[in-house]
Amino acid sequence: MSDSIYNDFAAKFAASSITSLVDSFNREVGNRGWCSARAAYIKALIDELKRRGIDLSAVCNEGSTSFAHKVKCVDNRLVLI
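All of these numbers come straight from a predicted model, not from anything done at the bench.

**Student:** Can you explain the packing of helix H2 (residues 18–28) against helix H3 (residues 36–51)? Please cite residues and give values.
**Tutor:** A packed helix pair is summarised by two numbers, namely the angle formed by the two axes and the spacing between the axes. Interhelical geometry of H2 versus H3 gives an angle of 140° and a closest axis separation of 11 Å. On the basis of the axis angle, H2 is oblique to H3. Crossing angle aside, the handedness with which H2 passes H3 is left-handed. Residues Leu 21, Ser 24, Phe 25, Arg 27 and Glu 28 of H2 form the contact with H3, whose own contacting residues are Arg 38, Tyr 41, Ile 42, Leu 45, Ile 46, Glu 48 and Leu 49. A per-class count over the contact of H2 with H3 returns 7 nonpolar, 1 polar and 4 charged.

**Student:** Could you give me a rundown of the environment of Arg 32, with the residues and numbers involved?
**Tutor:** Here Arg 32 shows up in the loop between H2 and H3. Look at Arg 32 and you get exposed, because its relative accessible area is 80%. Considering only alpha carbons, one finds Arg 32 and Phe 67, 35 residues apart in sequence, at a separation of 9.2 Å.

**Student:** Can you lay out the side chain of Ser 16 for me, pointing to particular residues and giving the numbers?
**Tutor:** Following the sequence through the fold, Ser 16 ends up in the loop between helix H1 (3–14) and H2. Polar side-chain contacts of Ser 16 include one of 2.8 Å to the backbone oxygen of Lys 12. Not counting chain neighbours up to four residues away, the residues in contact with Ser 16 comprise Leu 21 and Arg 52.

Definitions and limits used
- Residues numbered from 1 in each chain as written.
- Predicted model: local features only at pLDDT ≥ 70, side-chain atom pairs only at ≥ 80, totals over all residues.
- Heavy atoms only, no water.
- Axes fitted to C-alpha atoms, helices over the stretch in contact; angles between N-to-C directions.
- Helix = DSSP H or I, 4+ residues; strand = E, 2+ residues; numbered from the N terminus.
- Parallel < 35°, antiparallel > 145°, perpendicular 65-115°, else oblique.
- Left-handed = near helix turned anticlockwise from the far one by under 90°.
- Contact = heavy atoms within 4.5 Å.
- Nonpolar A, V, L, I, M, F, W, Y, C, P; charged D, E, K, R; others polar.
- Buried < 20%, exposed > 50% of the residue type's maximum accessible area, 1.4 Å probe, protein only.
- Polar contact = N/O pair within 3.5 Å; in protein donor to acceptor, adjacent residues only side chain to side chain.

Structural data, given as structure tokens:
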């Protein structure tokens, strides 16, 4: 993964609202394509949600993230919808 691409995504997400971050997550639901840019995008997105103290336990466990369901943020927690 390119640090430059990750840093670009990280800067974008750092300037985004929680609603925008959730929208970014939801756009990934059902997307099975994979490349290094998508890996950087997802890592930066998840890192920013964690940095903001959002509970990701509904979608993350043991280092993997599930994009099987859309989510919303309720009381600083992602919940499946």
